[in-house]
Amino acid sequence: MRKVFFLTALLMMILTATAFAEEAPAKDAPAEETVAEEQNDEPYVYTSEDFQFTITCPMKPVAVVQNPWQEPERRGEMLVFANEGFDVQYGYMIQVNAFENDQVPDFNKGTIAAIGDYLKALKDNNGFADARLVNITKKNKGVSAITADKINVIDPKTGEVEGEFVADKQYIYTFFRTPEGRCISIQLISASLDKTFVDVYRGSVASFKDNSKDKKSNKKDKKDKKDKKDKKDKKDKTDKKDKQDKK
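Computed from a prediction, not measured in an experiment: that's the story for all the values here. (Residues numbered from 1 in each chain as written. Predicted model: local features only at pLDDT ≥ 70, side-chain atom pairs only at ≥ 80, totals over all residues. Heavy atoms only, no water.)

**Student:** Any chance you could explain the confidence of the model for the chain here in plain terms?
**Tutor:** Close inspection of predicted coordinates is inappropriate for parts of the model with low pLDDT. Of the residues in the chain, 74% have a pLDDT of 70 or more, and the chain-wide mean is 79. Contacts of residues 1-40 to residues separated by more than four positions or lying in other chains number 88 contacts, the stretch itself having pLDDT below 50. (pLDDT = per-residue confidence, 0-100. Contact = heavy atoms within 4.5 Å.)

**Student:** Just to check I follow, could you spell out unusual backbone geometry for this structure?
**Tutor:** Peptide bonds are trans in most cases, and residues, glycine excluded, mostly fall at negative phi. With a phi angle near 55°, Q52 is a residue other than glycine that sits in the positive phi range. Residue position: Q52 is located in the loop between β1 (44-48) and β2 (53-57). At N67, a position not held by glycine, the phi torsion is positive, near 40°. Looking at the element boundaries, N67 is found in the loop between β3 (63-66) and β4 (76-84). Relative accessible area serves as the criterion here: at 28%, N67 is assigned to the partly exposed category. (Helix = DSSP H or I, 4+ residues; strand = E, 2+ residues; numbered from the N terminus. Buried < 20%, exposed > 50% of the residue type's maximum accessible area, 1.4 Å probe, protein only.)

**Student:** Help me understand the sheet that holds strand β7 (residues 140-147) in this model?
**Tutor:** Strand-to-strand pairing in sheets goes through backbone hydrogen bonds, with the strands running parallel or antiparallel. Taken together, the seven strands give an open sheet; going across it, the order is β3-β4-β5-β11-β10-β7-β6, and neighbouring strands pair in antiparallel fashion. With partners counted over all chains shown, the strands left at the sheet margins are β3 and β6 (128-137), one partner each. Geometrically, the sheet is characterised by an average inter-axis angle of 20° between neighbouring strands, direction not taken into account. Pairing geometry for β4 and strand β5 (residues 87-95), over eight bridges, is antiparallel. Each residue of the ladder has a partner; that of G76, found in β5, is Q95. Packing against the sheet, helix α5 (residues 195-207) makes contact with β5, β6, β10 (172-177) and β11 (183-190), and its axis sits at approximately 160° to β11. (Pairing = 2+ DSSP bridges. Axes fitted to C-alpha atoms, helices over the stretch in contact; angles between N-to-C directions.)

**Student:** When you look at the packing of aromatic side chains in this model, what are you seeing that I'm missing?
**Tutor:** For the structure shown, the criterion picks out 13 aromatic pairs. Aromatic side chains F81 and Y92 sit 4.9 Å apart centroid to centroid with 90° between the ring planes, which places their arrangement in the edge-to-face category. Here F81 is found in strand β4, whereas its partner Y92 is found in strand β5, with 11 residues between them in sequence. The two residues F81 and Y92 agree in class, both being buried. (Phe/Tyr/Trp six-rings, centres within 6.5 Å; stacked < 30°, edge-to-face > 60°.)

**Student:** How should I be thinking about the sheet that holds β2 in this particular structure?
**Tutor:** Within the open sheet, the three strands sit side by side as β1-β2-β12. Their pairing is antiparallel. In this open sheet, the two edge strands, each paired with only one partner strand, are β1 and β12 (209-210). Summarising the sheet, β2 and β12 pair through two bridges and their orientation is antiparallel. Bridge pairing in β12 places T54 opposite K209. Set on the sheet, α5 makes contact with β2 and β12; between it and β2 the angle comes to about 155°.

**Student:** I keep staring at the pattern of salt bridges and nothing clicks. Help me out?
**Tutor:** Here the idea is simple: oppositely charged side chains can pair when their charged atoms come close. One pass over the full model with this rule turns up six salt bridges. We note a salt bridge from E71 to R74, for which the minimum N-O separation is 3.4 Å. With respect to class, E71 is no different from R74; both count as buried. Ionic pairing is found between K120 and D124, a salt bridge with its closest N-O pair at 2.6 Å. In this pair, K120 and D124 both sit in helix α4 (residues 112-125), four residues apart, roughly one turn of the helix. By relative accessible area, K120 is classed as partly exposed at 48%. (Salt bridge = Lys/Arg side-chain N within 4 Å of Asp/Glu carboxyl O.)

**Student:** Quick question: what am I supposed to make of the environment of V205 here?
**Tutor:** When you line up the elements, V205 lands in helix α5. Excluding residues that lie within four positions of it along the chain, V205 makes contacts with I136, T174, F176 and I186.

**Student:** Hey, could you run me through α5 in this one?
**Tutor:** For the α-helix, the turn length of 3.6 residues means that residues three or four positions removed from each other point alike. In this model α5 runs 18 Å from its N-terminal to its C-terminal C-alpha over 13 residues, within 8% of the 18 Å that 1.5 Å per residue would give. Those residues of α5 that fall on the buried side of the exposure criterion are F197, V198, Y201, S204 and V205. Viewed end-on, α5 has its buried residues packed into an arc of 120°, placing them on one side of the element. In α5, the exposed residues that point more than 90 degrees away from the buried face are K195 and R202. Capping of α5 at its N-terminal end is provided by D194; its side-chain oxygen lies 2.8 Å from the backbone amide nitrogen of T196. (Expected span 1.5 Å × (residues − 1). Arc of directions from axis to C-beta. Polar contact = N/O pair within 3.5 Å; in protein donor to acceptor, adjacent residues only side chain to side chain.)

If you want it as structure tokens, here you go:
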């Protein structure tokens, strides 16, 4: 994750649930209270072919929004489990290139000082109320952070506080590296940080599987690319022939 976020970028992340769901509206689904009653349903294993990962979800997403940040340098998806109109009540935001590898300490082997400085920077500079080292799995550590409910608005010219932004919701983020080396962020979108939802979310984070080096996945991607190329070549030949026939 970049060491310094601009305030506007942070606010875009905080408001993602409503700002980008409108771009690709999800189907009507139960509100979070209803979803809570359905938590005992069979979990759903979601696989992203485009971003090459698998994650166990509490239920099948009612909608999937690719690159909801609308920023070309970010890559990932928003999985929507419940919404009210354009307002996402429950979902996950998954980014597969969430931070710069060389700018963030190794959560498993880094020094206590380096990891401590990183956690402090998240709280001091990036709008998080809390950030701590956690176990993603028995063999892999990451960072769990919760956004602040109040954020000081800093004048970029003077560096002084000129106001305060009060967030309507708080969000949980988990940052970690996969054994394959990708830098992942998974955000919980929830109307409240109820323990049930947080526990299910943590289970989903632990289930995350990076398929970027999976032979079957890569083979399918290559086949898809080849099929697309073949279709394009065929279309180009057809168009060329049509033009010659017209002459």
